[in-house]
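Structure at a glance
Here's the letter readout for the chains.
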Amino acid sequence: MSFLRLLANIVIAAPLSVASASDFPLAASSHRYRFSWDGNLSGDATRSLSCQQQICSLHTEATVPGIGSLDERSQFNWRDGKVQFESYQRQLQLLFFPQTVRIQRSGNGEVVTTDRKGKVRQYPDQPDLIDSLSLEARLRSDLMLTGKAQTEYLMADTKGVTTLTLSELPAETLTVAEQKIAVRVFQRRNAEGTRITTLWLDPKQQFLPVQITHQDGAETYRMLWLGNTASAP
């Protein structure tokens, strides 16, 4: 997997901020992560979310010093007790080669997308869609409200709607940010089994992901929680 693929597929998770606790089941906060790619490259990232009424914007900023940056934003509604996708944009700057991906509900029953090569597509909209960034918000809110995750989620992708399969693995205890944390573990696989994402979620922090690994063939990157932004040195 190229470093471009690494940055393009970073889906780092952090707690969400909300306008009203009665509207959204996750508390307001912002967190820091460090990621590593096969132990060769490392960088830092911040995830934050803001809400105005029922519209939320989940924003990721990640950098690898001297190499590249990623700015990723998802906008979604909190409606009928669910996270529901509205738009997604990823801007990747790798050295001197910028790339942008956009996925958006058009409002007329279509999802309109632009892939990293600039190709525009559209396909029929479906209810209850999420995007690759708001998947974490949907999973965490499902766990907060019901204690259970769905086994499948529908994701809006550049070429069409993708069905994601999620399974829960045995619970573990991790040591991260100088803390021992009992976590619930969830794993997402694609249909071919070539891409596997595993999330370690802390129930005491509203199912905050404290570790994430993503395997793409022989390559692996890892995300580790460093703490909230207020505690940054």
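Residues numbered from 1 in each chain as written. Predicted model: local features only at pLDDT ≥ 70, side-chain atom pairs only at ≥ 80, totals over all residues. Heavy atoms only, no water.

Moving on: a nonpolar patch on the surface. Together, Leu95, Phe96 and Phe97 make up an exposed nonpolar region whose accessible area comes to about 420 Å². For Leu95, the position within the fold is in the loop between strand E5 (82-94) and strand E6 (97-105). Given a relative accessible area of 49%, Leu95 falls into the partly exposed group. (Patch = residues over 30% accessible without salt bridge, like charges linked within 9 Å, V, L, I, M, F, W, Y side chains within 5 Å. Areas by Shrake-Rupley, 256 points an atom, 1.4 Å probe, with all protein chains shown as cover. Salt bridge = Lys/Arg side-chain N within 4 Å of Asp/Glu carboxyl O. Helix = DSSP H or I, 4+ residues; strand = E, 2+ residues; numbered from the N terminus. Buried < 20%, exposed > 50% of the residue type's maximum accessible area, 1.4 Å probe, protein only.)

Turning our attention to the confidence of the model for the protein chain. Of all residues in the protein chain, 88% attain a pLDDT of 70 or more, and the chain-wide mean is 83. Predicted confidence is poor over residues 1-21, with pLDDT under 50, and the contacts of this stretch with residues over four places away or in other chains come to 82 contacts. (pLDDT = per-residue confidence, 0-100. Contact = heavy atoms within 4.5 Å.)

To continue, consider the environment of Gly217. Mapping Gly217 onto the fold places it in the loop between strand E13 (208-216) and strand E14 (219-228). In this structure Gly217 comes out as exposed when scored by relative accessible area, which is 54%. Counting along the chain gives 22 residues from Gly217 to Arg195, while the straight-line C-alpha distance between them is 6.6 Å.

This brings us to the state of the cysteines. Applying the stated rule across the entire model yields 1 disulfide. Disulfide partner of Cys51: Cys56, at an S-S distance of 2.1 Å. Between Cys51 and Cys56, the S-S dihedral sits near 105°, and the bridge is therefore right-handed. We classify Cys56 as buried; its relative accessible area is 2%. (Disulfide = S-S within 2.5 Å.)

One recurring pattern in soluble globular proteins is that nonpolar side chains are buried together. Formed by 50 residues in total, the largest nonpolar core has its most connected members in Phe76, Ile103 and Val210. The residues contacting Ile103, other than those within four sequence positions of it, are Phe85, Glu86, Ser87, Tyr88, Val111, Val112, Thr113, Tyr123, Ala156, Asp157 and Thr158. (Core = buried A, V, L, I, M, F, W, Y, C linked by side-chain atoms within 4.5 Å.)

This next bit is on the environment of Val120. Relative to the helices and strands, Val120 is located in strand E8 (residues 120-124). A C-alpha to C-alpha distance of 9.3 Å links Val120 and Arg102, two positions 18 residues apart in sequence. Non-local contacts of Val120, meaning those with residues more than four positions away in its chain, are made with Val112, Thr113 and Thr114.

Moving on, we come to unusual backbone geometry. Phi at Ala177 takes a positive value of approximately 50°, unusual for a residue other than glycine. Take Ala177: it is sitting in the loop between strand E10 (161-176) and strand E11 (179-189). At Glu178, a residue that is not glycine, the phi angle is positive and equals roughly 60°. When you line up the elements, Glu178 lands in the loop between E10 and E11.

On to the pairing of strand E4 (residues 68-79). Sheet analysis places strand E3 (residues 55-64) next to E4, joined by 10 bridges and oriented antiparallel. Paired with Ile55 across the two strands is Asn77, which belongs to E4. Hairpin remark: E3 followed by E4, antiparallel, with 3 residues in the connecting loop; positive phi at Gly66, about 80°. Joining the antiparallel neighbours E4 and E5 is a turn of 2 residues, in which Asp80 adopts a positive phi near 55°. (Pairing = 2+ DSSP bridges.)

For a regular strand, side-chain orientation follows a simple rule: the groups alternate between the two sheet faces. Here E10 pairs with E11 via 10 bridges, running antiparallel. Its bridge partner being in E11, Glu168 is matched across the sheet by Phe186. Hairpin geometry of E10 and E11 is characterised by an intervening segment of 2 residues between the two adjacent antiparallel strands and by a positive phi of about 50° at Ala177. In the sheet, E11 pairs with strand E12 (residues 195-202) via 6 bridges, with the strands oriented antiparallel.

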